[in-house]
Amino acid sequence: GAVVSQHPSWVICKSGTSVKIECRSLDFQATTMFWYRQFPKQSLMLMATSNEGSKATYEQGVEKDKFLINHASLTLSTLTVTSAHPEDSSFYICSATPEGVDDQPQHFGDGTRLSIL
Amino acid sequence: GENVEQHPSTLSVQEGDSAVIKCTYSDSASNYFPWYKQELGKRPQLIIDIRSNVGEKKDQRIAVTLNKTAKHFSLHITETQPEDSAVYFCAAAGGGADGLTFGKGTHLIIQP
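Owing to the predicted nature of the structure, the values given are computational and were not obtained by experimental measurement.

A.B. asks: I tried to follow the sheet that holds strand β3 (residues 19-25) of chain A on my own but got confused; where do I start?
C.D. replies: Across a sheet, strands are paired by hydrogen bonds formed along the backbone, either parallel or antiparallel in direction. Residues and elements named next belong to chain A. Taken in spatial order, the four strands of this open sheet run β1-β3-β8-β7, and their pairing is antiparallel. The two strands at the open ends of the sheet, each matched to only one other strand, are β1 (4-7) and β7 (67-73). The sheet shows a mean angle of 15° between the axes of neighbouring strands, taken without regard to direction. Pairing geometry for β7 and strand β8 (residues 76-81), over five bridges, is antiparallel.

A.B. asks: I keep staring at the side chain of S43 of chain A and nothing clicks. Help me out?
C.D. replies: Secondary-structure assignment places S43 of chain A in the loop between β4 (32-38) and β5 (44-51). With a relative accessible area of 8%, S43 of chain A lands in the buried category. A distance of 2.5 Å separates a polar atom in the side chain of S43 of chain A from the backbone oxygen of G103 of chain B. Once residues within four sequence positions are removed from consideration, S43 of chain A is found in contact with R37 and Q38 of chain A together with F89, F102, G103 and K104 of chain B.

A.B. asks: Help me understand a nonpolar patch on the surface in this model?
C.D. replies: On the surface, a cluster of nonpolar side chains totalling about 380 Å² of accessible area is made up of W10, I12 and L117 of chain A. For L117 of chain A, a relative accessible area of 65% gives the class exposed.

A.B. asks: How should the packing of aromatic side chains be read in this particular structure?
C.D. replies: The geometry of two aromatic rings is summed up by the distance between their centres and the angle between their planes. Counting across every chain of the model gives eleven aromatic pairs over all chains. Summarising the aromatic geometry, the rings of Y36 of chain A and F102 of chain B are spaced 5.7 Å apart at their centres and angled 85° between planes, so their arrangement reads as edge-to-face. Of the two residues, Y36 of chain A is situated in strand β4 and F102 of chain B in strand β10 (residues 101-102); the pairing between them involves two chains. Residue class for Y36 of chain A comes out buried when judged on its relative accessible area of 0%. On the accessibility criterion, F102 of chain B (7% relative accessible area) is buried. In this structure an aromatic cluster arises from ring pairing among Y36 and F108 of chain A together with Y36, F89 and F102 of chain B.

What counts, and at which threshold
- Every chain is numbered independently, its residues counted from 1 as its sequence is written.
- Chain A is the first chain written and ligand 1 is the first ligand written, with later ones labelled in order.
- The predicted nature of this model means local features are confined to residues of pLDDT at least 70 and side-chain atom pairs, given and counted, to a pLDDT of 80 or more, with totals for whole chains, interfaces and linings taken over all residues.
- Note that water and hydrogens are dropped before the side-chain values are worked out from all heavy atoms of the structure.
- Between any two strands, at least two bridges found by DSSP are needed for them to pair.
- Secondary structure elements follow DSSP: runs of H or I no shorter than four residues count as helices, runs of E no shorter than two count as strands, and numbering proceeds from the N terminus.
- Under this scheme, a helix contributes an axis fitted over its contacting stretch, all axes are lines through C-alpha atoms, and angles between N-to-C directions fall in the 0 to 180 degree range.
- The classification of residues rests on relative accessible area computed with a 1.4 Å probe and restricted to protein chains. Under 20% of the type maximum is buried, over 50% is exposed, and intermediate values are partly exposed.
- Side-chain atoms alone can form a polar contact between residues adjacent in sequence; in general such a contact is a pair of N or O atoms within 3.5 Å, and within protein one must be able to donate a hydrogen while the other accepts it.
- Residue contacts are counted whenever heavy atoms from the two residues lie within 4.5 Å of one another.
- For patch detection, residues must exceed 30% relative accessible area and be free of salt bridges, and they are connected within 9 Å for like charges or within 5 Å for nonpolar side chains (Val, Leu, Ile, Met, Phe, Trp, Tyr).
- Accessible surface is estimated by sampling points in the Shrake-Rupley manner with a 1.4 Å probe; for residues, cover comes only from the protein chains shown.
- The salt bridge definition used is simple: a Lys or Arg side-chain nitrogen within 4 Å of an Asp or Glu carboxyl oxygen.
- For Phe, Tyr and Trp, rings pair up if their centres lie within 6.5 Å, where Trp contributes its six-membered ring, and each pair is then called stacked (planes under 30 degrees apart), edge-to-face (over 60) or tilted (otherwise).

If you want it as structure tokens, here you go:
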């Protein structure tokens, strides 16, 4: 149980394109989901906390107009990288914790590798 | 905000020996400390976690210890095997509603 699905797994696109990444909790509901970014050979960095039905909370240094987050339901959060540039190329990964279960760990999706040409 | 320091960045041990990775954190409000194993290009996999009301937790060859007073926690892997080779990350969080702050990772190499 507690499966998080992320789509797409790999995206290659031209500079200036906007890219949408989906994060779905398949067998549980999640009021809160998290988005992380991982550059090659580096650690995971929390970008933002996605809250169902309200605005996302962004970490310091993350541009909210650049990385649009929509958490429209208890099972789906989307991250849109707007006007992507080569420096946005990274591994983007989401996680979620089942709602109302305090001692559950965060469950990660498989990640999306974004390459901007 | 939380700051997590992880050492060493690279650790090479002989197969069968033990490996220890250490982390410190800064926010005394943090109460959840997971450890993840990540293979190249894949998602982080939770290998063990500990909460602040517990000092030690063990799962077969893997154990984690937590010292809340000193704000540090450690991962211990005994009887290491080649398949233990990977990058290991520690993390800290204030609870289920908080995102994780990760350490910079340790590249564990098991020498045959």
